[in-house]
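Inside the fold
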Amino acid sequence: TRLASTNFVLEELYAMASRRYQAEVRRFDELPSIPSANSLIHVTPRVKERPGPILFEDIARSWLDSSMLMKELLAARGVPYFDFLQPNQYYSGRTFSPAEAQLALSDASPFKRGAQEGYPALEKEMQSRAATAGSYVFNAARIFDRESSPVYADNCCHYNARGNELLAEFIAANILKSSGAWSR
């Protein structure tokens, strides 16, 4: 029957593909081992433990190094690059209304420690490299400090419409102020 002959052909095709696959697996297993230093794929060693402030200093350094590399990459293509350190409620001089504080602040927030310990390291790194990073890295961390309206939408780091508006105004003003540096 046609069905039996179709089944026979499919079984033979499957057996042939299976033999080819098994041969390739054996051939792969016989390949010489490549030392991990020469391999594109390898397991990285464990990261060294860093106590408190050192961890955040390393994070800040990596952030600014990455930012500078991104700027250089885009500059080679004639594309302007800007980086902004955004505001965070856990690193703020802001006076929160009771309603906003209830919405925006939580001692149990997993983001609180990172902001409180990380932002000072980020600002310190920005200041230490002001000569090289000053033209494209901007500190917006304190732009909400004097705003009386609520600006936070949750206890993580998200802003409401007013917060987004203030941040957008800060970003736009600094890009426009810097336009001479990248429009040449």
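Notes on the structure in this doc start here. Fair warning: this is a prediction, and the values are worked out from it, not measured in the lab.

**Describing the overall build of the protein chain**
The secondary structure content of the protein chain amounts to 6 helices and 2 strands. Beginning at the N terminus, the succession of helices and strands in the protein chain can be written as α-α-β-α-α-α-β-α. When the 184 residues of the protein chain are sorted by exposure, 27% land in the buried category. Counting contacts in the protein chain only where the partners sit at least 6 residues apart, residues at least 24 apart contribute 71% of the total. Accessible area for the protein chain stands at about 13,100 Å²; split by element, carbon and sulfur atoms hold 59% of it.

**Describing the packing of aromatic side chains**
One pass over the full model with this rule turns up 9 aromatic pairs. Ring geometry for Phe144 versus Tyr152: centroids 5.6 Å apart, planes at 80°, classification edge-to-face. For Phe144, a relative accessible area of 1% gives the class buried. The rings of Phe82, Phe84, Phe138 and Phe170 are connected pair by pair, giving a single aromatic cluster. Sitting above the plane of the Phe96 ring, Arg94 keeps its charged end 5.4 Å from the centroid. Positioned over the ring face of Tyr91 is Arg142, at 4.4 Å from the centre of the ring.

**Quick word on the pattern of salt bridges**
Scanning the entire structure with this criterion turns up 11 salt bridges. The partner of Arg27 in a salt bridge is Glu24, and the shortest N-O contact between them spans 3.0 Å. With Arg27 and Glu24 both in helix 1 (residues 2-29) and 3 residues apart, the pair spans about one turn of that helix. In this structure, Glu100 engages Arg94 in a salt bridge whose closest nitrogen and oxygen atoms are separated by 2.7 Å. For the pair Glu100 and Arg94, one class covers both residues: buried. Where salt bridges share partners, they join Arg50, Asp58 and Arg61 into one cluster.

Cut-offs used in this document
Residues numbered from 1 in each chain as written. Predicted model: local features only at pLDDT ≥ 70, side-chain atom pairs only at ≥ 80, totals over all residues. Heavy atoms only, no water. Helix = DSSP H or I, 4+ residues; strand = E, 2+ residues; numbered from the N terminus. Buried < 20%, exposed > 50% of the residue type's maximum accessible area, 1.4 Å probe, protein only. Contact = heavy atoms within 4.5 Å. Areas by Shrake-Rupley, 256 points an atom, 1.4 Å probe, with all protein chains shown as cover. Phe/Tyr/Trp six-rings, centres within 6.5 Å; stacked < 30°, edge-to-face > 60°. Lys NZ or Arg CZ within 6 Å of the ring centre and 35° of its normal. Salt bridge = Lys/Arg side-chain N within 4 Å of Asp/Glu carboxyl O.

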